[in-house]
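# Structural overview for review
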Amino acid sequence: MSFSSIRRATQPDFEPLSLTEVKSHLRIMADMTDDDQYIMGLIAAARLYFENRVGQTTTLVQWRAKTKGWNTCSCMGQELPYPPLYVDDDHPITLSYVDQAGDTITVPAADMTHDTADYPGTVNYTGPSPGCDTTMTIEWWAGVDAPMKISQLWKSCMLVLIGHWYENRSAVSTDSGGVEIPMSFDMMAAGCSYDGRA
């Protein structure tokens, strides 16, 4: 079973890097504020680029995806993309589908189990099969709930990327052609990968 239409359903409440951290990395004095909004945009862009590159989530967001049917005969949990999976009373996993009458059915929590100890986390649907051709929508939360819980290696990757973008605002360099992502980012991102995608 595979997911399609994987999207972020919410925006994070905080970024993995603060403006102060990034300005320090860029060696910009704290009282120089002309580029603050631009730098904040770079922080958000670096987060998205990093997450898409390594297939993991930094700051807590909700994800939404679709799948055709559900293999209820399997005892194996279905891996949820973009770990780490985060589950509590305020951040549940939800599974729903539209039945033949056109009504949206939300699967009871009692019909699902999950395991956040797995990486990626897994969910298992144990209820009645809605049919192999039924499109099911699943929503889950992933990431960490505080900046101090983010790996320093992850932060360093994003800082390298932000520094590169800040120094190379144009998409083209007249001396060497296209501006590429620095090798140092590639090497650090490879160290962050859990599935070899980086």
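Procedures and definitions
- Residues numbered from 1 in each chain as written.
- Predicted model: local features only at pLDDT ≥ 70, side-chain atom pairs only at ≥ 80, totals over all residues.
- Heavy atoms only, no water.
- Salt bridge = Lys/Arg side-chain N within 4 Å of Asp/Glu carboxyl O.
- Helix = DSSP H or I, 4+ residues; strand = E, 2+ residues; numbered from the N terminus.
- Buried < 20%, exposed > 50% of the residue type's maximum accessible area, 1.4 Å probe, protein only.
- Polar contact = N/O pair within 3.5 Å; in protein donor to acceptor, adjacent residues only side chain to side chain.
- Contact = heavy atoms within 4.5 Å.
- Pairing = 2+ DSSP bridges.
- Core = buried A, V, L, I, M, F, W, Y, C linked by side-chain atoms within 4.5 Å.

Looking now at the pattern of salt bridges. Within the structure shown, the criterion is met by seven salt bridges. Of the charged contacts in the structure, one is a salt bridge between E51 and R8, with a shortest N-O distance of 3.0 Å. Highlighted residues: E51 in helix α2 (residues 36-54) and R8 in strand β1 (residues 4-8), separated in sequence by 43 residues. With a relative accessible area of 1%, E51 lands in the buried category. According to the relative accessible area criterion, R8 is partly exposed, its value standing at 24%. For E139, the salt bridge goes to R64, with nearest N and O atoms at 2.6 Å. Of the two residues, E139 is situated in strand β9 (residues 135-142) and R64 in strand β2 (residues 61-68); the sequence distance between them amounts to 75 residues. Judged by relative accessible area, E139 falls into the buried class, the value being 17%.

Moving on, we get to the side chain of T57. In this fold, T57 is placed in the loop between α2 and β2. Polar side-chain contacts of T57 include one of 2.7 Å to the backbone oxygen of Y82. Contacts of T57, omitting those with residues within four sequence positions, involve E51, W63, Y82, P83, P84, A142, G143 and W154.

In this section: the pairing of β9. A large share of β9 lies buried, amounting to seven of its eight residues. Of the pairings in the sheet, the one linking strand β4 (residues 85-86) to β9 comprises two bridges and is antiparallel in character. Bridging across to β9, L85 finds its partner in A142.

Another point: unusual backbone geometry. Residue P84 follows P83 across a cis peptide bond; omega there is 5°. Mapping P84 onto the fold places it in the loop between β3 (78-79) and β4. Cis geometry marks the peptide bond from Y119 to P120, where omega comes out at 5°. Relative to the helices and strands, P120 is located in the loop between β7 (112-115) and β8 (122-125). Backbone geometry at S5 places phi at a positive 50°, although glycine is not the residue there. Within the secondary structure layout, S5 lies in strand β1. A positive phi angle is found at Y82, which is not glycine, with a value near 55°. Of note, Y82 is situated in the loop between β3 and β4.

We now examine the nonpolar core. Ranked by size, the top nonpolar core spans 23 residues in total, and within it L17, V22, I39, F50 and I162 carry the most contacts. When residues of this core are traced back to their parent elements, those giving at least two are α2, α3 (152-167) and α4 (183-192). At eight residues, α3 tops the list of elements feeding residues into this core. Setting aside chain neighbours within four positions, we find L17 in contact with V22, I43, K155, M158, L159 and I162. Ranked by size, the runner-up nonpolar core spans 19 residues in total, among them W63, A65, Y82 and M112.

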